[in-house]
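What follows is the residue order along each chain.
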Amino acid sequence: MSVNYAETKEAVKSLIYQACLYQDDLNWDAWLKLCDADFQYRICAYSPEIQADMIYLSGGLEDMRSLTGMLSKHNSDHSPLRRHCVAYQVTVAEDGRSAESVSSVTVFQTQLDGINSHVDAGESRLFLVGRYHDKFSINGGDIKFTERTARLDTRRLDKGSHWPI
Amino acid sequence: MSARNHAQWTAAPKLKAGEWVDSRIYSDQAIFEEELQKIWKRSWIPVCHESELKNAYDFRTMTIAREPVIVVRGNDMKVRAFLNVCPHRGNMIERRPSGSFKRGTPSGTPKHMTCMFHAWQFDMKGRCAYISRCEEGYQKRLRKEDVGLRKLNCEVYFGGFVWVCLDDDIDMTVEQWAAGALDVLSPSLNAEPLEIFHYHKAIIPCNYKLWHDTNCEFYHDYLHYHNRITGFNDAYFARKNSGFKNGHINVGSFEVQYDQYEGFESREALSFPHLPPNHWYMIDMFPGVNFNLRGSALRCDLMTPLAADKVMIEFRGLGLASDTPQQRRTRIDHHNSIWGPFGRNLHEDLLAVTAQGACMHQAAENRRILHGRHENQTIHDENGMRHYYEEWGRWLNRLPSDPDRAFADGAGGRAAVARDAERELALEEA
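Presented here is an overview of the structure given in this document.

1. Some thoughts on the packing of helix α6 (residues 208-216) of chain B against helix α10 (residues 346-359) of chain B
When two helices pack together, their arrangement is given by the angle between the helix axes and by the axis-to-axis distance.
Residues and elements named next belong to chain B.
Here's step 1: Running from N to C, α6 and α10 cross one another at 135 degrees; their axes reach a closest spacing of 10 Å. When the axes of α6 and α10 are compared, the pair comes out oblique. Crossing geometry of α6 relative to α10 is assigned as right-handed. Note on element contacts: α10 touches α6 through Leu 346, Asp 349, Leu 350, Val 353, Gln 356 and Gly 357, opposite Leu 210, Trp 211 and Thr 214.
Here's step 2: Residues that form the contact of α6 with α10 fall into these classes: five nonpolar, three polar and one charged.

2. Things to note about the side chain of B:Asp381
All names here are of chain B.
Here's step 1: Its location among the elements puts Asp 381 in the loop between β19 (368-370) and α11 (383-396).
Here's step 2: Classification of Asp 381 by relative accessible area gives buried; the value is 2%.
Here's step 3: Reaching out from Asp 381, the side chain makes a polar contact with the backbone nitrogen of Asn 376 at a distance of 3.4 Å.
Here's step 4: Those residues in contact with Asp 381 that lie beyond four places of it in its chain are Asn 241, Arg 373, His 374, Glu 375, Asn 376 and Arg 386.

3. Focus on the packing of aromatic side chains
Here's step 1: Within this structure, the stated rule accounts for 27 aromatic pairs over all chains.
Here's step 2: Look at A:Phe39 and A:Tyr41: their rings are 6.4 Å apart centre to centre, the planes differ by 45 degrees, and that puts the pair in the tilted class.
Here's step 3: Judged by centre distance (4.9 Å) and plane angle (70 degrees), the rings of B:Tyr388 and B:Tyr389 are edge-to-face. This pair shows no difference in class: B:Tyr388 is buried, exactly as B:Tyr389 is.

4. Some details on the interface of chain B and chain A
Here's step 1: On the chain A side, the residues contacting the 35 residues of chain B number 34 residues.
Here's step 2: When the area that chain B buries against chain A is broken down by residue, the three leading residues are B:Phe342, B:Arg344 and B:His347, summing to 23%.
Here's step 3: If you look at where chain B meets chain A, you find zero salt bridges.
Here's step 4: Our count for the contact surface shared by chain B and chain A stands at 20 residue pairs in polar contact (both at pLDDT 80 or more).
Here's step 5: Within the residue set of the side of chain B that touches chain A, elements represented by two or more residues are β6 (98-100), β12 (194-204), α7 (225-231), α9 (325-339) and α10 of chain B.

5. Some points on the state of the cysteines
Here's step 1: A full pass over the atoms with the stated rule returns zero disulfides over all chains.
Here's step 2: The closest cysteine sulfur to the non-disulfide-bonded A:Cys85 is located on A:Cys20, 4.1 Å from its own sulfur.
Here's step 3: Cysteine B:Cys216 shares no disulfide, and the gap to the nearest cysteine sulfur, in B:Cys206, comes to 14 Å.
Here's step 4: Overall, B:Cys216 belongs to the buried group, its relative accessible area being 2%.

6. Here we look at the sheet that holds strand β7 (residues 113-114) of chain B
Here's step 1: The antiparallel open sheet is built from three strands, whose spatial order is β7-β8-β9 (chain B). Among the strands making up the open sheet, the edge pair consists of β7 and β9 (128-130) of chain B.

7. Some points on the pattern of salt bridges
Here's step 1: Applying the stated criterion to the full structure yields 39 salt bridges over all chains.
Here's step 2: In this structure, the salt-bridge partner of A:Asp77 is A:Lys159, at a minimum N-O distance of 2.4 Å. Of this pair, A:Asp77 sits in the loop between α3 (61-70) and β3 (81-92) while A:Lys159 sits in the segment after β6 (142-152); the two residues are 82 residues apart in sequence, bridging distant segments of the chain. Like A:Lys159, A:Asp77 is buried.
Here's step 3: With a closest N to O distance of 3.2 Å, B:Arg24 and B:Asp28 form a salt bridge.
Here's step 4: Exposure remark for B:Asp28: the relative accessible area of 19% places this residue in the buried category.
Here's step 5: Taken together, the salt bridges that share partners define one network made up of B:Arg24, B:Asp28, B:Glu34, B:Lys38, B:Arg398 and B:Asp404.

8. Some points on the sheet that holds strand β18 (residues 310-320) of chain B
Residue and element names in this part refer to chain B.
Here's step 1: Within the open sheet, the seven strands sit side by side as β12-β18-β17-β16-β15-β14-β13. Their pairing is antiparallel. Since the sheet does not close on itself, it has two edges, and those belong to β12 and β13 (241-243), each with one partner. Adjacent strand axes in the sheet meet at a mean angle of 15 degrees, parallel and antiparallel pairs treated alike.
Here's step 2: Sitting on the sheet, α6 is in contact with β14 (249-251), β15 (280-285), β16 (289-294), β17 (297-307) and β18, with an inclination near 155 degrees to β17.

The rules behind each value
- Residue indices begin from 1 for each chain and proceed along its sequence in written order.
- Each chain takes a letter, starting from A, and each ligand takes a number, starting from 1, following the order in which they are written.
- Per-residue local features of the predicted model are confined to residues with pLDDT of at least 70, and side-chain atom pairs are confined, for both listing and counting, to 80 or more; whole-chain, interface and lining totals are unaffected and use all residues.
- Just so you know, side-chain values use all the structure's heavy atoms and leave hydrogens and water out.
- For helices, the fitted axis covers only the stretch in contact; all axes are lines through C-alpha atoms, and the angles between them, taken along N-to-C directions, range from 0 to 180 degrees.
- Under the scheme used here, helices are H or I runs from DSSP no shorter than 4 residues and strands are E runs no shorter than 2 residues, and both carry numbers assigned from the N terminus.
- Put simply, angles under 35 degrees are roughly parallel, angles over 145 are roughly antiparallel, angles from 65 to 115 are roughly perpendicular, and the rest are oblique.
- Put simply, a crossing is left-handed when the front helix is turned counterclockwise from the back one by less than a right angle, and right-handed when it is turned clockwise.
- It only takes one pair of heavy atoms within 4.5 Å for two residues to be counted as in contact.
- Three categories are distinguished: nonpolar for Ala, Val, Leu, Ile, Met, Phe, Trp, Tyr, Cys and Pro, charged for Asp, Glu, Lys and Arg, and polar for the others, with Gly belonging to the last.
- Relative accessibility decides the category of a residue: with a 1.4 Å probe and only protein chains considered, values under 20% of the type maximum give buried, values over 50% give exposed, and everything between is partly exposed.
- A 3.5 Å cut-off defines polar contacts: any pair of N or O atoms within that distance qualifies, except that in protein one atom must be a possible hydrogen donor and the other a possible acceptor, and neighbouring residues in sequence count only when both atoms are side-chain atoms.
- Side-chain rings of Phe, Tyr and Trp (the six-membered ring for Trp) are treated as a pair once their centres are within 6.5 Å; stacked means planes under 30 degrees apart, edge-to-face means over 60, and tilted covers the remaining angles.
- Note on terms: buried area is the combined drop in 1.4 Å-probe accessible area of two parts once they are placed together, counting the loss on both.
- What makes a salt bridge here is a side-chain nitrogen of Lys or Arg within 4 Å of a carboxyl oxygen of Asp or Glu, nothing more.
- Cysteine sulfur atoms that pair up within 2.5 Å are treated as a disulfide.
- We treat two strands as partners when DSSP finds at least two bridges between them.

Okay, structure coming up:
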């Protein structure tokens, strides 16, 4: 089977961006439908303070389904997040059955609650900075996330961080 | 009574002295400055964990009451603390949060703390080792022996936490300062070496005491779905809050039903040594430190007050140094599920104190903040906060419910009782 690498790369990029749109919209079910049954999710960061690699959140597909399903029972900040993502590097395996990517991601938070919503609502602030390291399975035209690691530079995380990034 | 007018709203509540505080203690910048001088500069503060300085020449920097502090591990493996300030021109010596002095810096030689400004160098015991062009500039008038760093009281205690006190005259060890408050977790934390695996920070626009209050009272379980679903039972409501000398408190334990929360699991297999399975103890240390052990993971909150209405909270997570990679991974998952920055509970606490801060900023009208729940000193009793503010009042000699008055005139005192009576009368008349 011949592999059209250029087309596959574009399809992978489209999937990354589609995932951002679903996450921005808190459409967690749709986001998780883009993921393989063996999907593994992580939020990581390196801490220069303690000189250690850290995991801030991790889980498989079902863990993420439980977590997002329970969100409505929790008190969350109401300020929406918007992911600005650029897929810098997409590498398709020679056999065309898997791919990996590295994307730069910045997340902005547009205040709704703010500190005092009367003053702050409507103001957009930088929420965090990092990269997505993604892996994909490719089955013909069907591309799924098998792994997402959101590797953050940001280690100051105030209120507003109840959701997967 | 229906909704209240201004006089009613600002009147003293129908509670006894000591059962409420004036919100000025959370918002007044002058009181805040006094707290830094009289409390934070005179208390033992755990600034980091020894596993953050594993090797000789490792260092960690921080601030206490705005004073820059550096903690270093010497070649003799002893941990020492100094002001992170060069005695020459007052420059901050080390700017990074952590690192090693084993390698040289652009201005200095290996194994020394070097002030990059004029290359003065200091060894790990705080002695000045080198003054650039010393004789040319100072002749015999000033020698390196005259300009050592400012050493600080430093102890490694309670599972390897590094405690620092800025006050040379403090007349007690950390153990004496703790006054028994740490005993409940000492067997678990001292059984074997601990290791840090988690660090993040939050800067919240509220007074530091509001975060400490949240750690001291559990009535805010209503904020946390997780606490309600895994906790609310007879054993939970029987948990005792106990006060100790110097303003510290303990929150007693019970067995948490983690499996009641969808997707969560028992922590029994990874319990800390000597801790009954799935138990959960908390220690709140005056003036703003919290140790929180939930079965398999230890959390420590350290507050750094930045202004009357601004606090930085550093969150640390620790496990056992002997963990296998798989054990550590599970321990981290347990920690993060509730306390990580994307966990279920921590974020809710941050929301709540932010909303308190929004109503108690520096220019806000002062309000009465109620600490008056009595439930036989159990989990929803507010005796923990009352115990804290009694100590706070003593240190500042201010009455928490009326901070312009002396503490000696305070809770339970004749004057306070008379004032309560006057206010009740005024309220009835209003």
